[in-house]
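Residues per chain, in single letters:
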Amino acid sequence: MLKKLITDYRFPDDLRNMTEDELEILAYEIRDFLIEKIAKTGGHAAPNLGVVELTVAIHKVFDIPSDQVVWDVGHQSYVHKILTGRADGFDRLRQYGGISGFPKSGESDADVYNSGHSSTSISVAMGLAEARDLKGGAHKVLAVIGDGAMTGGEAFEGLNNAGNRKTDIIVILNDNEMSISKNIGSLSHHLNKLRSSRAYLNMKKSLKKSITGIPGVGEGLYRGLDHMRDLMRYAVITESIFEDLGFSYYGPVDGNNLRDVTELLEAAKSIGGPVLIHAITKKGKGYRNAEIAPDKFHSVGPFDTETGKPFAKAKRDTWSALCGKSLIELAEKDERVIAVTAAMTDGTGLLPFADKFPERFFDVGIAEAHAVTFAAGLAIGGMRPFVCCYSTFLQRAYDQIVMDAAMQNLPVVFMIDRAGNVGHDGETHHGVFDLSYLKHIPNMTIMAPADGSELVAMMRYALFENGGPCAIRYPKGVPDVIYPADRGAHPIEREQTCGTDAFAARVPSDAAVPGVVRRAPLANMQSSADGARGIPEMPPLAMGKSAVLREGRDMEIWAVGNFASVGLDAADLLRERGVEAKVVNPRFVKPLDEAALRAAGRGGAPLLILEDNVVKGGFGESVLAFLAENGYGNRALALGWPDDFVTHGSVAELRAHCGLDAAAVARRAERLCERNGAFVRAESGDR
Ligand SMILES: Cc1ncc(C[n+]2csc(CCOP(=O)(O)OP(=O)(O)O)c2C)c(N)n1
C-alpha cells in the first residue's frame, strides 16, 4: 500500500479526480517518501514536511501549470515536484545531474520561476499577473511565501504595489512561526495576533454553510457577499496589515488540515483582486525529530531516519563556528564589537555569541540591505559591527555596502560566509561573485583566509588594525590546516625552519623539504589553542602582504583563500612532472601585494592565479591587469569559476567539471610553463 498512490497515479492530472480520503492517504505517503529520500540525499526536510497538505490542496484546486504558482525561496517545493511528475527524480535530488532542490524551469513547466533567494515571490507573481492581464489571460497566479520570507523588504514592496494596483493574485502566507530559527520582528508579533483570531474563520464557515444551503441561489449569493464578509471581518479582527496594504485577508486556516485549506482555496479562487490567505502550518510536521528541532531539520545532510542524527559530523570547527568563537573573543576584548545577522544565526556560527552577548547580537530578519545600513549606523555611533552573511545573500546589499559603509569609510566588517562554490544547493547559492562585487569599491579591504588560524588573525586585524570597511570571505565547511597551530611563526620564517623542527617530524616525510610548508595532520589544528576555546594563534598580519606557502623556481601559483589546498596539491603533482611551483597565499585580495607581484614580474616566471570566485572581476583579473599595466611579460593565467551559472552537485564534482581540481590545475600549469609566446588572457576552467 505504501507509496502506491505516489507511484500508481499520474500527477498532476489524476490528482483532481482523487477523493478526499485518497488525498489524505496521498499526503501520508508523500511525507513518508520525503523522509526516506531526504535522509539519503540531504535537503530541506522540515520546510517540505510542513507544506504537504497545503501543496496537495493547491494542486487539487488550481490547474497547475495553466495556473501559476511561485514558491518563495523555493526550498519548500519538493511536494510540488512530486505532484508534477518528478517523484522518480528524488533518488538524485540535489546530486550532480539530478533534480534541483529548488524550482527550475528547465525541469518542468510547473516551475514558473527559479527561486532560491527569499522574499521575491509576491513581486514575481505580480509581474506574471500583470502580464496575464495585458494579454487578456484568465489563469490564476499564486505566491506561496513563509512568515520568515515575509520579513524581507522586497515582500513588503510587492504587497504595497500589488495592493495598490488591485492586481489579481493570491498570496498564501505559510506561517509556521519559524524562519530558519524562530521568526523574529514586529510582523511576527502581528501574525501572532492574527493567529489567535480563529473565531473569525469559524464564523465565516458557519455563514457559508447557511447561505450556500439555500437551494438554487446559495452558492452565487455567497460569492456575492463580499461586503458582508468585509463587515464581519472588521467586526472580529480589528486590523490586519495586509488589508491596510490593499489585500483581502482570509484566515487563519489550518494549513495542515487538507479539507479546511482546500475549502478556503476554493473560496479564494472565485474572488478577484489581491487576496492573502493566512495558513498556519507546522514545520517538520509528521516526523518527530523534525517537529522537535525544526531549525536543525531546516536543511540537512544525509541522516539516520530512526535517530535523526546526521551520518557525517564535522570533527573540527567549521569556518562558521570559528568565526563565532573568534567574535566572542573579540567582544570580550572590545565592548564595541557587535554581531549582526540576517536570519542566519546558526548558519553563520553566531548561536554562542547570541547566548553570551544577547544585547550585542542582532538578528534583523531576512533583511540583508537593512543589516548593512543598520551596521553603518552602529559604526557611526561608535560601535564595531561584524555583519555575518552568506556571500550569495549579501548580493542583496550591494548598494548599501557602497553607499552606506564604504563611501563613508566606516569600520564595518563583512564576514562573508559560504563564499565560493557551495555544492548541492546549486546556482542560487554559490557564493562566487563577492570578490567581483566588492573589489572595485573604494576604501574596501578584502581578505581571504587559507585556514582557520588565518581567519582568526584576519578578524583581529579587521578590528584592531583596519579602520575602514573590510570583508573577510571564507567557504562552507571545515577549513584545511595550512598553518599548524604549533607553528605560530610568520610563514616566511616558517619556511626557513621547515624540515628541521618538531612540526616537520609530524608531516608526511616527502614534505620535509626545506622551503615547503605542508598541511599538517588534522589533529594539530586545535593543539595550541588560544585559551579554552581552541582558537589557533597566528601573528598579526601586515596590510596587503601575501605569504609564501612553498618555494619553487619554475612558476608561481597564487591561490586565494581556501584554494591554497588546491594550489599545494597541484604543486605536488607538478613536482612529479619535474616542475617546481612556488605557492603563494595572497591573503589580501585588495590591496594587492604589489611588491611581491613586482618581484614575480621581474623574475619572469609563469603565473597561475586560482580562486573560488568567477574569473570575471576576480582576483586573477587584478593580477593580470597589474602585470600588464606595469609592463611585465610573464605568461599568466587566471583560473576560477566560469562565466556561467554553475549547477548543483558535490563541490568536488563541480570543481572537476569546471577544471578547478588539483589535477586540472596542474595540467593547466604545466601547459602554461611549456607555452611559448606572450601574455595569456584571463580564462575560466577547463570546460
Ligand atoms: C535573501 C535570502 N536571505 C537568506 C536566505 C536563507 N534562508 C533560506 S530559507 C530561510 C527561512 C525562510 O523562512 P520561511 O520563509 O518562514 O520558510 P520556512 O522555511 O519556515 O518554511 C532563510 C533565512 C535566503 N534564501 N535568501
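See the structure printed just above.
The following paragraphs examine the structure supplied in this document. Keep in mind the model is a prediction, meaning the values are calculated, not measured.

How each quantity is defined
- Residues numbered from 1 in each chain as written.
- Predicted model: local features only at pLDDT ≥ 70, side-chain atom pairs only at ≥ 80, totals over all residues.
- Pairing = 2+ DSSP bridges.
- Helix = DSSP H or I, 4+ residues; strand = E, 2+ residues; numbered from the N terminus.
- Axes fitted to C-alpha atoms, helices over the stretch in contact; angles between N-to-C directions.
- Contact = placed C-beta atoms within 7 Å.
- Near = placed C-beta within 6 Å.
- Domains from an automatic or database assignment.
- Buried ≥ 20, exposed ≤ 12 C-beta atoms within 10 Å, placed from the backbone.
- Arc of directions from axis to C-beta.
- Core = buried A, V, L, I, M, F, W, Y, C linked by C-beta atoms within 7 Å.
- Parallel < 35°, antiparallel > 145°, perpendicular 65-115°, else oblique.
- Left-handed = near helix turned anticlockwise from the far one by under 90°.
- Right-handed = clockwise from strand over helix to strand, strands pointing away.
- Nonpolar A, V, L, I, M, F, W, Y, C, P; charged D, E, K, R; others polar.

What follows concerns the sheet that holds strand 17 (residues 588–590). Paired through their backbone hydrogen bonds, the strands of a sheet run either parallel or antiparallel. Read across the open sheet, the seven strands follow the order 7-6-8-9-11-10-17; overall the sheet is mixed. In this open sheet, the two strands that pair with only one neighbour each are strand 7 (361–363) and strand 17. The mean angle between the axes of side-by-side strands here comes to 20°, regardless of whether they run parallel or antiparallel. Of the pairings in the sheet, the one linking strand 8 (residues 384–390) to strand 9 (residues 413–417) comprises five bridges and is parallel in character. Looking at strand 9, one finds that V387 is bridged to F414. Of the strands in this sheet, strand 6 (337–341) and strand 8 are in contact with helix 17 (residues 368–380), which crosses strand 8 at around 165°. The strands touched by helix 21 (residues 452–464) are strand 6, strand 8, strand 9, strand 10 (445–447) and strand 11 (470–473); relative to strand 11, the strand with the most contacts, the crossing angle is about 170°.

Near the ligand, the surroundings consist of 24 residues, among which P47, S118, G146, G148 and A149 are the closest. For the shell around the ligand, the domains that each give at least three residues are domain 1 (4–197 + 237–289) and domain 2 (319–473).

The strand order across the open sheet formed by five strands is 1-2-3-5-4, and the pairing between neighbours is parallel. Each edge of the open sheet is held by one strand with a lone partner, namely strand 1 (68–71) and strand 4 (248–254). In this sheet, neighbouring strand axes are inclined to one another by 20° on average, regardless of whether the strands run parallel or antiparallel. Bridging between strand 2 (residues 141–146) and strand 3 (residues 170–175) involves five bridges; their strand directions are parallel.

A separate point is helix 19 (residues 398–406). Where helix 19 is concerned, the buried positions are Q400, I401, D404 and A405. Taken around the axis of helix 19, the buried residues stretch over an arc of 115°, which confines them to a single face. In this structure, the buried side of helix 19 is in contact with helix 17.

Turning next to the nonpolar core. Counting residues in each nonpolar core, the largest one holds 193 residues, and the members touching the most others are I472 and I557. Filtering out sequence-adjacent residues up to four positions away, I472 remains in contact with V413, M415, I416, M447, P449, L455, M458, M459 and A462.

When you line up the elements, A343 lands in the loop between strand 6 and helix 16 (351–356). Using a count of 27 C-beta atoms within 10 Å as the deciding quantity, one classes A343 as buried. Considered as a pair, A343 and F362 are 19 residues apart in the sequence and their alpha carbons are 9.4 Å apart. Among residues more than four places away in sequence, those in contact with A343 are G148, S179, I180, D363, G365 and I366.

Turning our eyes to something else, we now look at the packing of helix 4 (residues 52–61) against helix 13 (residues 258–269). Orientation of helix 4 relative to helix 13, taken along the N-to-C sense of each, is 40°, at an axis distance of 9 Å. Judged by the angle between their axes, helix 4 and helix 13 are oblique. As for the relative orientation of helix 4 and helix 13, their crossing is right-handed in sense. Residue-level contacts link E53, L54, V56, A57, I58, K60 and V61 of helix 4 to L258, V261, T262, L265, E266 and K269 of helix 13.

The next thing to look at is the pairing of strand 5 (residues 275–280). In summary, the side chains of a regular strand alternate between the two faces of the sheet. By the criterion of burial, strand 5 is predominantly enclosed, with six of the six residues buried. Side chains V275, I277 and A279 project from strand 5 onto one buried face, and the interleaved L276, H278 and I280 project onto a second face that is buried too. Note: strand 3 against strand 5, six bridges, orientation parallel. Bridge pairing links V171 to L276 in strand 5. The pairing of strand 4 with strand 5 spans five bridges and is parallel. Residue pairing across strands places V253 opposite A279, the latter belonging to strand 5. Crossover handedness for the path strand 4 to helix 13 to strand 5: right-handed.

Between helix 24 (residues 564–576) and helix 28 (residues 662–674), the shortest axis-to-axis distance is 8 Å and the interhelical angle comes to 60°. One finds that helix 24 runs oblique with respect to helix 28. Considering only the axes of helix 24 and helix 28, their crossing is right-handed. Only A662, A663, V665, A666, A669 and E670 of helix 28 make contact with helix 24, whose side of the interface consists of V566, D569, A570, L573 and L574. Taken together, the residues of the contact of helix 24 with helix 28 break down into nine nonpolar, no polar and two charged.

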